[in-house]
Amino acid sequence: MADPRATPRRSLFGRYFRALFAVVVVPLLIAGGSEAWFGYRDQRAQLNDLLDAEARLASAKIQDFLEIIQGQMSWVVQLPLEERIDERRRLDALRVLRQAPAIESLSLVDAVGKERLYVSRIGLNRIEGGADHAEEPAVVGARSERVWYGPVVFQGGSEPYMTIAVAGNRAAVGVAVAQVNLKFIWEVIAAIRVGQTGQAFVLDRPGRLIAHPDLSLVLRADASAQRSLQAMREAIRARPPGEAAAGKDTSGKTVMAAMAQIQGVDWSVIVKQPRSEAFGPIYAALWRTLALLVVGAALAVALAYWLTRRMVEPIRVLEDGVARIGAGQLDHRINLATGDEFEWFANRANAMANELSISQERAARIDRLKRFLAPQVAELVDRGGDDGVLDGRRVEVVVVFCDLRDFTAFSGQAGPDAIIGVLREYYDALEKVATDHGATLVNFFGDGVMVLLNAPVATPDPALRAITMARDMQASVQALLVGWRSLHPRLGFGIGLAMGPATVGRIGSEGRLNYTAIGTVVNLASRLCSSAEDGEILLDSAAADAIGTSVPLVELAPRTLKGFDRPVPVFAPRPDPNNATTQA
């Protein structure tokens, strides 16, 4: 049988440690993950609201910027133009330039599209210039929509400008056309802050940058540098309205951005905030959660280690104790005082060791007895618990002898296997019958067997028990003879029994003792057995008197037996008509 300790196994300590660790850490992970997820959702919702509000606010401010310019231009188209522009009208135009610094130049066009007045911050002023502007988009658009916003153009490839035209409420008052320098939107954009470093910028319809806190980005008009901003706008448009999107700014940093449109000019105001700043609160919460997880994991490790040690150490003590007991150290005792199932199991193991020790002592005692006694006698003494019954004494016994007829001739011609096989079956059958009747099978000698009743342990009605046992022996062996006679047809079985006083006890040398009986009764039983024919059971007069009428007996003719001076009265059981093997 394989040693179970040599079989690979998983560590019980590791298994319990992982289980207890998971019991503590998994809830922390679930709680931390839930907090992180819901915190992220809340922070994302707040960020969406904040950026959307800032984008709408920036859009409103730029809308106000344009409406202020539009309002200032409306002053010069309140009254109809005279045939000749007077000084008052020129002063009104200059006042518009002063009130709206973003306007670089202003033109007044009459009802037929002729330029009547032109004032500029950088060019020469003109009165009654007469240039025809009737077909220009600004004049046509203003007359059809009253206010017209032109596309953004970059003068010199850097500065953004836009044309704004405002028509009066009557054709006679003409149209005011202004060139507006969009650099002045910088003041509006630069004032917008989201968080600590969040900014806003403006893209026109084609996606060109027209306003940014870093004015140099606008003036450079670098199309390649602005692609990331255009990609950001497309990412925002792909999201649901009011939801911020992630993108890259011109520096390559990841930002969260939201957008609002400026009505009339179709510009996009985009408000952005660095992702690290936007999600700073949730990152802080995650770090706090991570710190709690680390602390919780450390506590879980300590707790799992402590609990596992408390659980595994008793198991190791039990394992070591059971291994020692299994190795034969039956005096070893497992000392555990845990007050739980481990202590109960230890007590059971100790009780088992004690029982094994008693059993081992008993087996050793039987082995010692078997050195001097027949196995049956040794077992009997052990069950009685006192080997004093083996001491020599004088007691009335029934001695039974039995042997096989013509066995010597059979053993002379049969092979060893056949002889050993017959004897094995023969001994097994007689031993079983003797044991069933409480007799002591004293000795085997060849094909002969000696059995005692009433020694070493007293039995009631030993003679009656002996005759009953002898009948059972005859029945068992006769059943075996049916098969054996195919090996040797003259094989038979006879039994002789006698009752009388005998000296019984341990007899032999110092190295070997046998329990046996000595006396005339032993010789008489042996001679009766030798005289019995196949199937016969012969008994003496003392045994017949003890049996009385319990078993029908017949008295045979007295027989002259070796060692006896006078013929010996002999009796035999009356033949059973149902059993042809028993002979009178």
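Let me begin by describing the structure that accompanies this report.

Parameters and conventions
- Residues numbered from 1 in each chain as written.
- Predicted model: local features only at pLDDT ≥ 70, side-chain atom pairs only at ≥ 80, totals over all residues.
- Heavy atoms only, no water.
- Helix = DSSP H or I, 4+ residues; strand = E, 2+ residues; numbered from the N terminus.
- Buried < 20%, exposed > 50% of the residue type's maximum accessible area, 1.4 Å probe, protein only.
- Contact = heavy atoms within 4.5 Å.
- Phe/Tyr/Trp six-rings, centres within 6.5 Å; stacked < 30°, edge-to-face > 60°.
- Lys NZ or Arg CZ within 6 Å of the ring centre and 35° of its normal.
- Pairing = 2+ DSSP bridges.
- Axes fitted to C-alpha atoms, helices over the stretch in contact; angles between N-to-C directions.
- Salt bridge = Lys/Arg side-chain N within 4 Å of Asp/Glu carboxyl O.
- Patch = residues over 30% accessible without salt bridge, like charges linked within 9 Å, V, L, I, M, F, W, Y side chains within 5 Å.
- Areas by Shrake-Rupley, 256 points an atom, 1.4 Å probe, with all protein chains shown as cover.
- Expected span 1.5 Å × (residues − 1).

1. Topic: the environment of Ala455
By the secondary structure assignment, Ala455 is in the loop between strand E14 (448–453) and helix H13 (462–484). The buried category is assigned to Ala455, whose relative accessible area is 1%. C-alpha separation for the pair Ala455 and Leu538, spaced 83 residues apart in sequence, amounts to 21 Å. Those residues in contact with Ala455, other than ones at most four positions away along the chain, are Val395, Val397, Thr440, Val504 and Tyr515.

2. Looking at the packing of aromatic side chains
Taken as a whole and judged by the stated rule, the model has 6 aromatic pairs. Ring geometry for Phe407 against Phe410: centres 5.7 Å apart, planes inclined by 50 degrees, an arrangement best described as tilted. Of this pair, Phe407 and Phe410 both sit in helix H11 (residues 407–413), separated by 3 residues, roughly a single helical turn. Between Tyr426 and Tyr427, the aromatic rings sit 5.7 Å apart at their centres with planes inclined by 40 degrees, giving tilted as the arrangement. Both residues of the pair, Tyr426 and Tyr427, belong to the buried class. Among the aromatic side chains, those forming a connected cluster through ring pairs are Tyr426, Tyr427, Phe444, Trp484 and Phe493. Cation over ring: Arg126 sits above Tyr118, and NZ or CZ is 4.0 Å from the ring centre.

3. Observations regarding the sheet that holds strand E7 (residues 199–203)
Taken in spatial order, the 5 strands line up as E8-E7-E11-E10-E9 in an open sheet, and their pairing is antiparallel. Strand pairing shows two members of the sheet lacking a second neighbour, strand E8 (209–211) and strand E9 (245–248), which therefore form its edges. Across this sheet, the average inter-strand angle for adjacent strands is 45 degrees, counted without regard to direction. Against the sheet, helix H6 (residues 227–238) makes contact with E7, E8, E9, strand E10 (254–262) and strand E11 (267–274), and its axis sits at roughly 75 degrees relative to E10, the strand it touches most.

4. Some points on the pairing of strand E1 (residues 103–109)
Each regular strand carries side chains that alternate between the two faces of the sheet. Within E1, 7 of the 7 residues are buried, which leaves the element mostly enclosed by the surrounding structure. Where E1 lies against strand E6 (residues 175–181), 6 bridges are found, and the strand directions are antiparallel. Across the sheet, residue Ile103 finds its bridge partner in E6, namely Val180. Here 5 bridges tie E1 to strand E2 (residues 115–120), and the two strands are oriented antiparallel to one another. By the bridge assignment for E2, Leu108 is matched with Leu117.

5. Side note on the side chain of His133
One can find His133 in the loop between strand E3 (126–127) and helix H3 (137–145). In this view, His133 contacts Val109, Gly113, Glu115 and Val139; residues no more than four positions away in its chain are not counted.

6. Examining the pattern of salt bridges
Per the counting criterion, the structure on display carries 18 salt bridges. For Glu128, the salt bridge is made with Arg116, and the minimal N-O distance between the two is 2.9 Å. Here the residue Glu128 occupies a position in the loop between E3 and H3, and Arg116 occupies one in strand E2, the gap between them amounting to 12 residues. Judged by relative accessible area, which is 8%, Arg116 ranks as buried.

7. Re the sheet that holds E2
Within a sheet, each strand pairs with its neighbour through backbone hydrogen bonds, oriented either parallel or antiparallel. Across the sheet, 6 strands lie side by side as E3-E2-E1-E6-E5-E4; this open sheet has antiparallel pairing. Where the open sheet ends on each side, the last strands, each with one partner, are E3 and strand E4 (147–155). Where helix H2 (residues 87–99) meets the sheet, it contacts E1, E2 and E3, and its direction lies at approximately 150 degrees from that of E1.

8. A closer look at H3
Burial in H3 covers these residues: Ala138, Val139, Gly141 and Ala142. Taken together, the buried residues of H3 touch E1, E4, strand E5 (159–167) and E6.

9. Comments concerning a nonpolar patch on the surface
Together, Tyr283, Leu286, Trp287, Leu290 and Val294 make up a nonpolar patch on the protein surface, roughly 500 Å² of accessible area in all. Structurally, Leu286 is set in helix H8 (residues 280–326). For Leu286, a relative accessible area of 35% corresponds to the partly exposed category.

10. Re helix H14 (residues 520–531)
With 12 residues, H14 should reach 16 Å at 1.5 Å per residue; the first-to-last C-alpha distance of 16 Å fits that figure. Listed as buried for H14 are Val521, Val522, Leu524, Ala525, Ser526, Leu528, Cys529 and Ser531.

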